[in-house]
Amino acid sequence: MKRILALTMAVMLAVCVSSCSKTEKSDNATTQAFTESGEATKGTGNQPGTFSQTLMTISDDYYNAISNSTPSEKLTYTHGDHTKDAIIYLPPNYSENEKYNVLYILGGVSSDETAFFGEAGSETTLKNILDNMIVNGDIEPIIAVNLAFYPSDDIKLGDMSLTAMLTDFEEELRDVVIPSVESKYSSYANDTTAQGLEASRAHRAFSGFSMGGAVAWYTLTQSLDYFYYFAPMAAGSFEDYDNDYQYKVGDSLKDELERLGYSNNELFLFCSEGTEDVTYEKMELLMKRFHEDYSDLFIFTDSDKSQGNITYKTKEGAQHEYANAYEYLYNSLNAFWGK
């Protein structure tokens, strides 16, 4: 099943090459939830839930830099024959004496480790937003790790099997990146053994935009033992290229839950999409399939993780742009670790 899902994801990423590369712009459009009729609908399963009708908007002053910001850092690590970098966002007043939730995040098809936080020490839009969320008490303090997908700058799509890339990335994430980050920075993991990382999974999230969102679906079915929260952003299923994609995600997740001995209330997904995004139609199909055919697995809720395990929100008029991803992530983190 995992090999089938990997092949499916390879198709998805290939489609991203041609369809997911628009530029960033600001957008202040209102938001609206997914429903078939346009009205809020009840979730099904062993817990009730509703589809959300709105996304919270980001206050304008959250885009401004704060005075006590902690500079981001670069972490260099080696996996196989390749040396790679990750950019580490640290919260204001970061202290090794505190424990922090950790977000791992991946950008789109043309991005690298600088997609969200720029080079080490840079001030970026997302850095300012996270700083303000933390100092204003919206969320618990977090560390965020901006990853690069490709094995190296010299290897891009077409140079290596996408199935091999997915497998390589997941191995790198589990065996090298997470242990490297959480041995250097203060997380909730008491140690970076497999047991220590699994025990602290409730304090770890994986998110991605566009291709990164596609990888988030894959990570959900491969590394659920290390992650509790997932935030796929503008990550459609590309059903035209694989009509059974929704079933492969659902079936593979069921297999993983059974293997790990988890119930479906031991994970939470915050899925977000723009109504004018190139991935919108496929994301809608995926959410409908989850809602209709996997109601015993996915219990939809309006951001309340005590009432379900998945939220899906859309932004009216939003296109495939990083500016919208900031708002999706803002909402996701409030649902994950909001105070």
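Residues numbered from 1 in each chain as written. Predicted model: local features only at pLDDT ≥ 70, side-chain atom pairs only at ≥ 80, totals over all residues. Heavy atoms only, no water.

Before going further, it helps to spend a moment on the confidence of the model for the protein chain. With 79% of its residues at a pLDDT of 70 or more, the protein chain has an overall mean of 83. With pLDDT under 50 throughout, residues 21–52 is counted as low confidence; its partners more than four residues away or in other chains account for 80 contacts. (pLDDT = per-residue confidence, 0-100. Contact = heavy atoms within 4.5 Å.)

Positive phi outside glycine occurs at N93, with the angle close to 60°. Checked against the element boundaries, N93 lands in the loop between β3 (82–89) and β4 (101–106). Non-glycine residue S210 carries a positive phi angle of around 60°. Secondary-structure assignment places S210 in the loop between β6 (204–209) and α5 (211–222). (Helix = DSSP H or I, 4+ residues; strand = E, 2+ residues; numbered from the N terminus.)

In terms of residue burial, β4 counts as a mostly covered element, since 6 of its 6 residues are buried. Burial along β4 is two-sided: N101, L103 and I105 facing one way and V102, Y104 and L106 facing the other are all buried. Direction of pairing for β4 relative to strand β5 (residues 142–147): parallel, over a ladder of 6 bridges. Its bridge partner being in β5, L103 is matched across the sheet by A144. (Buried < 20%, exposed > 50% of the residue type's maximum accessible area, 1.4 Å probe, protein only. Pairing = 2+ DSSP bridges.)

Within β5, 6 of the 6 residues are buried, leaving the element largely enclosed by the surrounding structure. When β3 meets β5, the two strands line up antiparallel, connected through 3 bridges. Within the sheet, the bridge partner assigned to Y89 lies in β5 and is A144. This β-α-β element, β4 to helix α2 (residues 125–135) to β5, shows right-handed connectivity. (Right-handed = clockwise from strand over helix to strand, strands pointing away.)

Any aromatic ring pair is given by two values, namely how distant the centres are and how the planes are angled relative to each other. Summed over the entire model, instances satisfying the criterion amount to 20 aromatic pairs. Note on F149 and Y150: the rings are 5.5 Å apart at their centroids and 75° apart in plane angle, and the pair reads as edge-to-face. Seen from their ring centres, F268 and F336 are 6.2 Å apart, and the 90° between their planes marks the pair as edge-to-face. You can see F268 sitting in strand β8 (residues 268–274) and its partner F336 sitting in helix α8 (residues 322–337), a full 68 residues away along the chain. F336 matches F268 in its accessibility class, with the two residues each being buried. Three or more aromatic residues joined by ring pairs form one cluster here, namely Y104, F149, Y150, F169, F206, F227 and F230. Here the guanidinium or amino end of R174 rests over the ring plane of Y226, the centre of that ring lying 4.1 Å away. (Phe/Tyr/Trp six-rings, centres within 6.5 Å; stacked < 30°, edge-to-face > 60°. Lys NZ or Arg CZ within 6 Å of the ring centre and 35° of its normal.)

In the structure shown here, the tally under the stated rule is 10 salt bridges. Two residues, K254 and D296, come together in a salt bridge whose shortest N-O distance is 3.5 Å. With a gap of 42 residues between them, K254 in helix α6 (residues 245–260) and D296 in the loop between α7 (280–293) and β9 (310–315) connect regions that are remote in the sequence. (Salt bridge = Lys/Arg side-chain N within 4 Å of Asp/Glu carboxyl O.)

Turning next to the nonpolar core. The biggest cluster of nonpolar side chains holds 59 residues, and the ones touching the most others in it are Y104, L147, F206, W217 and M287. Among the nonpolar cores identified, the runner-up in size contains 37 residues, and Y62, F117, Y228 and W337 belong to it. (Core = buried A, V, L, I, M, F, W, Y, C linked by side-chain atoms within 4.5 Å.)

Attention now moves to the environment of D60. As for its placement among the helices and strands, D60 is situated in the loop between β1 (31–32) and β2 (73–79). Residue class for D60 comes out exposed when judged on its relative accessible area of 65%. The spacing of D60 and I129 is 69 residues in sequence and 9.6 Å in space, taken between C-alpha atoms.

With that settled, the discussion passes to α7. For α7, built from 14 residues, the straight-helix expectation of 20 Å at 1.5 Å per residue is met to within 8% by its first-to-last C-alpha distance of 20 Å. Turning to α7, its buried residues number three or more, namely K282, M283, E284, L286, M287, F290 and H291. (Expected span 1.5 Å × (residues − 1).)

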